[in-house]
Amino acid sequence: MQQDHTEKKKQLRSRLRELRNRLDEQMRAQAMKQMNDGLKREMDRLRLTKNKHRQGPLVIFSYLSYGSEAPTAFVFEEGWRQGDVMLAPKVLANPPRMELRRVTGAEDIEPGIWGIPEPKDSCEVLHPESWPDLDLVLVPGLGYDLQGGRIGYGGGYYDRFAERLEKHCAEQGKKPRMAALVLPGQLEPEIPMDPLDLRLDLLITPEGILHIE
């Protein structure tokens, strides 16, 4: 049974990756314009709420896009422009995990493992005890469903991050919004999920933002 489930996920990854790689450039550009407009509105809304309570700048953790992923350059540029605290992942081995490092401008980013952009070693690390201070997390992936299900690349980095985050959030009683940028063709009727797979709160699509209860 587990083998069937694993095989199903493997085939789904392969199909979704192929779909994303073949997405028409004009359609991608149009979708990203609409999604960035929605993302900006969400960032403005979160910032307004935070300002009302005098809680300081927004704290955003986002992947740095690579290849055919939904581009995240906009979220970083908008965050820097507004004085938000912008964090990006640095992948580490033994044990496999992610560090959240602060990036204050494009000069803090360099090609890392497999050419994927990542923060430089000189960038400040946000320690796990401070992860509940995050307001918004942008997660990469290959596919999503309307229940907040997500299928990633199979490495489990974001699932392990979400598990540790949950632990610290439970202790501190606050939690960031987990979101994804959903390109045309990435929305599935149902994503096969494992118990520890992370679930999303927001899907940012070209048609608008879907809030998942």
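Structure shown above.
Rules behind the numbers
- Throughout this description, residue numbers start from 1 for each chain and increase along the sequence as written.
- Selection of residues for local features in this predicted model requires a pLDDT of at least 70, selection of side-chain atom pairs for listing and counting requires 80 or more, and totals for whole chains, interfaces and linings are taken over all residues.
- Side-chain numbers here rest on the full set of heavy atoms in the structure, without hydrogens or water.
- Segments assigned H or I by DSSP are reported as helices when at least four residues long, segments assigned E as strands when at least two residues long, and all are numbered from the N terminus.
- Each radius of gyration is computed over the set of C-alpha atoms, and the globule rule expresses the reference value as 2.2 Å times the number of residues to the power 0.38.
- Contacts were defined at the residue level, with two residues in contact if any of their heavy atoms lie within 4.5 Å.
- Residue exposure ignores everything except the shown protein chains as possible cover, and the areas themselves are Shrake-Rupley values with a 1.4 Å probe.
- For the purpose of charge, His is not counted, nor are the chain termini; Lys and Arg are scored as positive and Asp and Glu as negative.
- To locate a charge, take atom NZ for lysine, CZ for arginine, CG for aspartate or CD for glutamate.
- Note on definitions: angles span 0 to 180 degrees between N-to-C directions of axes, and those axes are lines fitted to C-alpha atoms, for helices only across the stretch in contact.
- We call a crossing left-handed when the near helix sits turned anticlockwise from the far one by less than a right angle, and right-handed when that turn is clockwise.
- Any residue outside Ala, Val, Leu, Ile, Met, Phe, Trp, Tyr, Cys, Pro, Asp, Glu, Lys and Arg is labelled polar, Gly included; the first ten of those are nonpolar and the last four are charged.
- Among buried residues, the Ala, Val, Leu, Ile, Met, Phe, Trp, Tyr and Cys ones that are joined through side-chain atoms within 4.5 Å form a nonpolar core.
- Throughout this description, buried means an accessible area under 20% of the type-specific maximum (1.4 Å probe, protein chains only), exposed means over 50%, and partly exposed covers the range between.
- The residues that make up patches have over 30% relative accessible area and no salt bridge, and they are joined within 9 Å when like-charged or within 5 Å when they are Val, Leu, Ile, Met, Phe, Trp or Tyr.
- We define a salt bridge as a contact between a side-chain nitrogen of Lys or Arg and a carboxyl oxygen of Asp or Glu at a distance within 4 Å.
- Ring pairs shown here join Phe, Tyr and Trp side chains whose ring centres sit within 6.5 Å, with only the six-membered ring taken for Trp; geometry is labelled stacked below 30 degrees between planes, edge-to-face above 60, and tilted in between.
- When we speak of the arc, we mean the arc of directions from the helix axis to the C-beta atoms.

J.: Is there a simple way to explain the overall build of the protein chain in this structure?
T.: When you go through the protein chain residue by residue, the secondary structure sums to four helices and twelve strands. Taking 213 residues into account, the globule formula puts the C-alpha radius of gyration at 17 Å, and the protein chain, at 17 Å, falls close to it. Taken over the C-alpha atoms alone, the protein chain extends approximately 50 × 40 × 35 Å along its principal axes. The long-range fraction of contacts in the protein chain, counting pairs at least 24 apart against all pairs at least 6 apart in sequence, stands at 67%. With the model as given, the accessible surface of the protein chain reaches about 11500 Å², and the carbon-plus-sulfur share is 52%. Placing the 31 positive and 34 negative side-chain charges of the protein chain at their respective mean positions leaves the two points 1 Å apart.

J.: What is the right way to read the packing of helix α2 (residues 25-52) against helix α3 (residues 73-82) from this model?
T.: Axes are the key here: two packed helices are described by the angle between their axes and the distance separating the axes. Where α2 contacts α3, the two axes come as close as 11 Å, and the packing angle between them is 35°. Handedness of the crossing formed by α2 with α3: right-handed. Residues Asn 36, Leu 39, Lys 40, Met 43, Asp 44 and Arg 47 of α2 form the contact with α3, whose participating residues are Phe 74, Val 75, Glu 78, Gly 79, Arg 81 and Gln 82. When its residues are assigned to classes, the contact of α2 with α3 shows four nonpolar, three polar and five charged.

J.: How should I be thinking about the nonpolar core in this particular structure?
T.: Soluble globular proteins tend to pack their nonpolar side chains together in the buried interior. In terms of nonpolar packing, the biggest core is built from 49 residues, with Phe 61, Leu 134, Phe 161, Met 178 and Leu 181 touching the most fellow members. When residues in this core are grouped by element, the largest group, six residues, is from α2. In this view, Phe 161 contacts Phe 61, Met 98, Leu 100, Trp 131, Leu 134, Val 137 and Met 178; residues no more than four positions away in its chain are not counted. Counting residues in each nonpolar core, the second largest holds six residues, with Leu 16, Ile 151, Ile 191 and Met 193 among its members.

J.: Can you walk me through a nonpolar patch on the surface in this structure?
T.: A cluster of nonpolar side chains, Tyr 66, Val 91, Ile 113, Trp 114 and Ile 116, forms an exposed patch at the surface whose accessible area comes to about 490 Å². By secondary structure assignment, the location of Tyr 66 is in the loop between β1 (59-62) and α3.

J.: What exactly am I supposed to notice about the packing of aromatic side chains here?
T.: Two descriptors summarise a pair of aromatic rings, namely the distance from one centre to the other and the angle between the planes of the rings. Using the criterion set out here, one finds four aromatic pairs in the structure. Ring geometry for Phe 61 versus Tyr 158: centroids 6.3 Å apart, planes at 20°, classification stacked. Of this pair, Phe 61 sits in strand β1 while Tyr 158 sits in helix α4 (residues 157-172); the two residues are 97 residues apart in sequence, bridging distant segments of the chain. Taking the relative accessible area as the measure of exposure, Tyr 158 reaches 9% and is therefore buried.

J.: Is there a simple way to explain α3 in this structure?
T.: Owing to its 3.6 residues per turn, the α-helix brings residues three or four apart onto one side. For α3, the set of buried residues is Val 75, Phe 76, Glu 78 and Gly 79. Viewed end-on, α3 has its buried residues packed into an arc of 170°, placing them on one side of the element. Residues of α3 that are exposed and point more than 90 degrees away from the buried face comprise Glu 77 and Arg 81. Just past α3, the residue Gly 83 takes up positive phi, approximately 80°.

J.: It is not clear to me how the side chain of Ser 62 should be interpreted in this structure. Could you clarify?
T.: Following the sequence through the fold, Ser 62 ends up in strand β1. Note on Ser 62: relative accessible area 0%, which makes it buried. Not counting chain neighbours up to four residues away, the residues in contact with Ser 62 comprise Thr 72, Val 75, Phe 76, Leu 87, Ala 88, Pro 89 and Leu 138.

J.: Which parts of the structure should I look at to understand the environment of Gly 105?
T.: Looking at the element boundaries, Gly 105 is found in the loop between β3 (97-102) and β4 (109-111). Judged by relative accessible area, Gly 105 falls into the buried class, the value being 6%. Measuring from C-alpha to C-alpha, the distance between Gly 105 and Gly 79 comes to 9.9 Å, with 26 residues separating the pair along the chain.

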